[in-house]
Amino acid sequence: GQCTNVCPVGALTEHFDWPKVLKELDSKRKQLIVQVAPATRVAISEEFGLPSGTVSTGKLITALRQSGFDLVFDTNFTADLTIMEEGSELLERLKTKENLPIMTSCCPGWINYVEKHQPQLIPLLSTAKSPQQMHGAITRKFYKDAFIVSIMPCTAKKGESIRPGMTGDVDAVLTTRELGQLFKSRKIAFTQLPDGKFDSPLGESTGAAMIFGATGGVLEAALRTALDLAGVEHPLVFEDLRGLGAIKESDTPVGKVCVVNGIGNVVKLFHDDPNWYKKYVMVEVMACKGGCLGGGGEPKSMDPDILLKRMKAIYSIDERSTLRKSHENPDVIALYKNTLGKPLSHESEYYLHTTYYPRGGLKEKLAVFLDKVDHRDGK
Ligand code: SF4
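Computed from a predicted structure; not experimentally measured.

So, how was this worked out
- Residues numbered from 1 in each chain as written.
- Predicted model: local features only at pLDDT ≥ 70, side-chain atom pairs only at ≥ 80, totals over all residues.
- Heavy atoms only, no water.
- Pairing = 2+ DSSP bridges.
- Helix = DSSP H or I, 4+ residues; strand = E, 2+ residues; numbered from the N terminus.
- Buried < 20%, exposed > 50% of the residue type's maximum accessible area, 1.4 Å probe, protein only.
- Contact = heavy atoms within 4.5 Å.
- Salt bridge = Lys/Arg side-chain N within 4 Å of Asp/Glu carboxyl O.
- Axes fitted to C-alpha atoms, helices over the stretch in contact; angles between N-to-C directions.
- Parallel < 35°, antiparallel > 145°, perpendicular 65-115°, else oblique.
- Left-handed = near helix turned anticlockwise from the far one by under 90°.
- Nonpolar A, V, L, I, M, F, W, Y, C, P; charged D, E, K, R; others polar.

J.: Honestly, the sheet that holds strand E9 (residues 255-261) in this entry has me stumped. Any pointers?
T.: Sheet strands pair via backbone hydrogen bonds, and the direction of the pair is either parallel or antiparallel. The strand order E5-E10-E9-E8 describes an open sheet built from 4 strands, whose pairing is mixed. Either end of the sheet is taken by a strand with one partner, and the two such strands are strand E5 (102-103) and strand E8 (247-252). Relative to strand E10 (residues 282-286), E9 is paired through 5 bridges, and the arrangement is parallel. Each bridged residue has a counterpart across the sheet, and for Val 260 the counterpart in E10 is Val 285.

J.: Looking at this structure, how should I read the environment of Thr 57?
T.: Counting through the fold element by element, Thr 57 comes out in helix H3 (residues 57-67). Take Thr 57: its relative accessible area is 19%, and that puts it in the buried class. Sequence spacing of Thr 57 and Leu 307 is 250 residues, and the spatial spacing of their C-alpha atoms is 18 Å. Ignoring sequence-local partners within four residues, the contact set of Thr 57 consists of Arg 41 and Phe 198.

J.: For this particular structure, what's the right way to read the pattern of salt bridges?
T.: A pair can form between side chains of opposite charge whenever their charged atoms are brought close. This structure, assessed with the given rule, holds 26 salt bridges. Across the pair Lys 184 and Glu 47 runs a salt bridge whose closest N-O atoms are separated by 3.3 Å. Of this pair, Lys 184 sits in helix H8 (residues 176-185) while Glu 47 sits in helix H2 (residues 40-47); the two residues are 137 residues apart in sequence, bridging distant segments of the chain. Owing to a relative accessible area of 43%, Lys 184 belongs among the partly exposed residues under this scheme. Look at Glu 47 and you get buried, because its relative accessible area is 19%. Across the pair Arg 224 and Glu 220 runs a salt bridge whose closest N-O atoms are separated by 2.8 Å. Taken as a pair, Arg 224 and Glu 220 lie in helix H10 (residues 217-229) at a separation of 4 residues, close to a single helical turn. Note on Arg 224: relative accessible area 0%, which makes it buried. The buried category is assigned to Glu 220, whose relative accessible area is 0%. When salt bridges with common partners are traced through the structure, they connect Glu 220, Arg 224, Arg 242, Asp 318 and Arg 324 into a single cluster.

J.: Sorry, what's going on with the packing of H2 against helix H12 (residues 306-320) here?
T.: When two helices pack together, their arrangement is given by the angle between the helix axes and by the axis-to-axis distance. At their nearest, the axes of H2 and H12 sit 9 Å apart, and the two run at 130 degrees to each other. Put simply, H2 runs oblique to H12. You can see that H2 and H12 cross each other, and the crossing is right-handed. Taken together, the residues of H12 that come into contact with H2 (itself represented by Val 42, Ala 43 and Glu 46) are Ile 306, Arg 310, Ala 313 and Ile 314. Counted by class, the contact of H2 with H12 contains 5 nonpolar, no polar and 2 charged residues.

Worth remembering: the numbers are spatial, not functional.
Take a look at the structure:
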């Protein structure tokens, strides 16, 4: 069953899905597959008393296997895929000069805000699904009958997994905090565990995917790939886009780009300059301050420097990575070669892209209806 955690001021109800996952793990009725988001492998450490900023990827993988998962995949694999699709969309739109600036779409908190309050911005949103949903769609293609779980720093990811057109790809979403509870209920000695490795092929990733967890990271990763694909010289690191600033800008060879750190600052951007959209070719918005590493599903912390510590850990993983650009990920290259063709191909559009609707409108109602009648039969 599902239980809920009631907020003391009644402002928020958090659904707990980990008992449902535990039941599946115990029943072993289906193959059990899990994907883990970048921000989780840092923050899970805090659930077990390790210092803030400790990177626990290897222990996390072992703990998931000990909990009963058959395959442990990395959401970062599809963060690289998101970049391939979004970077290609940016280059397309620069060619046609339509629907610019392209706005990132991997944060469901931001998507909800646009659909509810700024539906006129819908054409600007990248149609690329988030890494969670791309991973779900690709995993479902290869493992039709599996029970697929994703571990996210984010409560809004639960809602994202049941959007029209996406329902059924990911069966359950657990927050980092919920995963901590699941491990504790399994009596897993997290800090003592040896390091495990992600399963292949949906587990390979680059440093570019890793920095998705920090504000500015999606845009930096997209630039590394889009500028390479466009054949222009550029730095690997975009320092201007990093850190906890409210609105960050950078001049790139293809135009000015902007990162908005937290949903409150997007309201400020729109309010302060009604012509904001004329200035940029690409805008990243993440709803949580700091990006996903400050997400609502991460462990609560009293440390005033927690966001900076988690951020430093994430950038250090990128620095230590041999591959730091999404288009260099060998598994991504193989997936395009063997299955999808190329970014924005018919197949890629089918599995990796989606549609947005003004909330409550006829289009949304129709999409929900069609989703119930015909969910991806024959996929
Ligand atoms: Fe979720 Fe926050 Fe990350 Fe958006 S920024 S995806 S709301 S954790």
